[in-house]
Amino acid sequence: MVTTSTAPKIWTRDTGLVEKRDVFAAMRRGFRGRCPRCGEGKLFRAFLKTADNCSVCGLDVTPHRADDLPAYLVIVIVGHIVVPTILWIETNYTTPVWISFAAYLPFTFVASLALLQPVKGAVVGLQWALRMHGFDENPTDGIPPV
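The present account deals with the structure reproduced in this document. (Residues numbered from 1 in each chain as written. Predicted model: local features only at pLDDT ≥ 70, side-chain atom pairs only at ≥ 80, totals over all residues. Heavy atoms only, no water.)

Tracing the backbone through its elements, the reader meets histidine 64 in the loop between α2 (23-31) and α3 (69-92). Engagement of the side chain of histidine 64 in a polar contact is seen with the side chain of threonine 50, the distance being 3.2 Å. In contact with histidine 64, other than residues within four places in its own chain, are Thr50, Lys120, Val124, Gln127 and Phe135. (Helix = DSSP H or I, 4+ residues; strand = E, 2+ residues; numbered from the N terminus. Polar contact = N/O pair within 3.5 Å; in protein donor to acceptor, adjacent residues only side chain to side chain. Contact = heavy atoms within 4.5 Å.)

So, in structure tokens, the structure goes:
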């Protein structure tokens, strides 16, 4: 049986003071593959595997939940670049199908791979800045880890 604390919270000046987190700075640091807090330590230990802790400031990055959002964002970004370009080229020029496939598919593939890690870093930075998914100093009791 789980018991919850019913003690009232007393708000003081000290309980209201929390670390200020700049959303855009954290996303920019994550986009560069750096720790969203200090901007010095590496965020990734492999292509899409985040490091457990920052080597400089010790920030625990394990609670992040980027899931599929980076992939969806990359699809949207690359799609908004590739589709208008293809439509413009195909309406103004007549190219053989094999040339079209030889040009569009590799560009789409390389652009998607190139953006996947930076976008995931930006999402992790956004989650840290907004104190989402365990990045809060005082996580809620009773919620099991995922």
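Moving on, we get to the nonpolar core. What tends to happen in soluble globular proteins is that the nonpolar side chains get buried as a cluster. Grouped together as the largest cluster of nonpolar side chains are 11 residues: Ala26, Cys35, Leu43, Phe44, Cys54, Leu59, Val61, Val124, Trp128, Ala129 and Phe135. If one sorts the elements of this core by residue count, helix α4 (residues 97-129) sits on top with 3 residues. Discounting residues that sit within four places of it in the chain, cysteine 35 has contacts with Arg29, Gly41, Leu43, Cys54, Cys57 and Leu59. Ranked by size, the runner-up nonpolar core spans 6 residues in total, among them Val74, Val78, Leu116 and Val119. (Core = buried A, V, L, I, M, F, W, Y, C linked by side-chain atoms within 4.5 Å. Buried < 20%, exposed > 50% of the residue type's maximum accessible area, 1.4 Å probe, protein only.)

Moving on to the packing of α2 against α4. Two elements in contact, α2 and α4, have axes whose closest approach is 7 Å; the angle formed by their N-to-C orientations is 150°. Judged by the angle between their axes, α2 and α4 are roughly antiparallel. Note that α2 runs across α4; the crossing there is right-handed. The segment α2 lies against α4, with Val23, Ala26, Met27, Gly30 and Phe31 engaging Pro118, Val119, Gly121, Ala122, Gly125, Leu126, Trp128 and Ala129. A breakdown of the residues in the contact of α2 with α4 according to their chemical character gives 10 nonpolar, 3 polar and no charged. (Axes fitted to C-alpha atoms, helices over the stretch in contact; angles between N-to-C directions. Parallel < 35°, antiparallel > 145°, perpendicular 65-115°, else oblique. Left-handed = near helix turned anticlockwise from the far one by under 90°. Nonpolar A, V, L, I, M, F, W, Y, C, P; charged D, E, K, R; others polar.)

Bringing unusual backbone geometry into the picture now. For residues other than glycine, phi is negative in most cases, and the peptide bonds are mostly trans. Of note, aspartate 67 is a non-glycine position whose phi angle comes to about 50°, a positive value. Within the secondary structure, aspartate 67 sits in the loop between α2 and α3. Not every positive phi belongs to a glycine, and arginine 131 is a case in point at roughly 60°. Tracing the backbone shows arginine 131 in the segment after α4. The partly exposed category is assigned to arginine 131, whose relative accessible area is 23%.

Moving on, we get to the environment of valine 119. Within the secondary structure, valine 119 is located in helix α4. Residue valine 119 is classed as buried on the basis of its relative accessible area of 7%. Along the sequence, valine 119 and tyrosine 72 sit 47 residues apart, while their C-alpha atoms lie 9.9 Å from each other. In contact with valine 119, not counting residues within four places along its chain, are Phe31, Pro70, Leu73, Val74 and Ile77.

Before going further, it helps to examine the pattern of salt bridges. Under the defined criterion, the tally for this structure stands at 1 salt bridge. Between arginine 65 and aspartate 67 there is a salt bridge, and its shortest N-O distance comes to 3.4 Å. Taking relative accessible area as the criterion, arginine 65 reaches 32% and is therefore assigned partly exposed. (Salt bridge = Lys/Arg side-chain N within 4 Å of Asp/Glu carboxyl O.)

Purely geometric numbers; function is a separate question.
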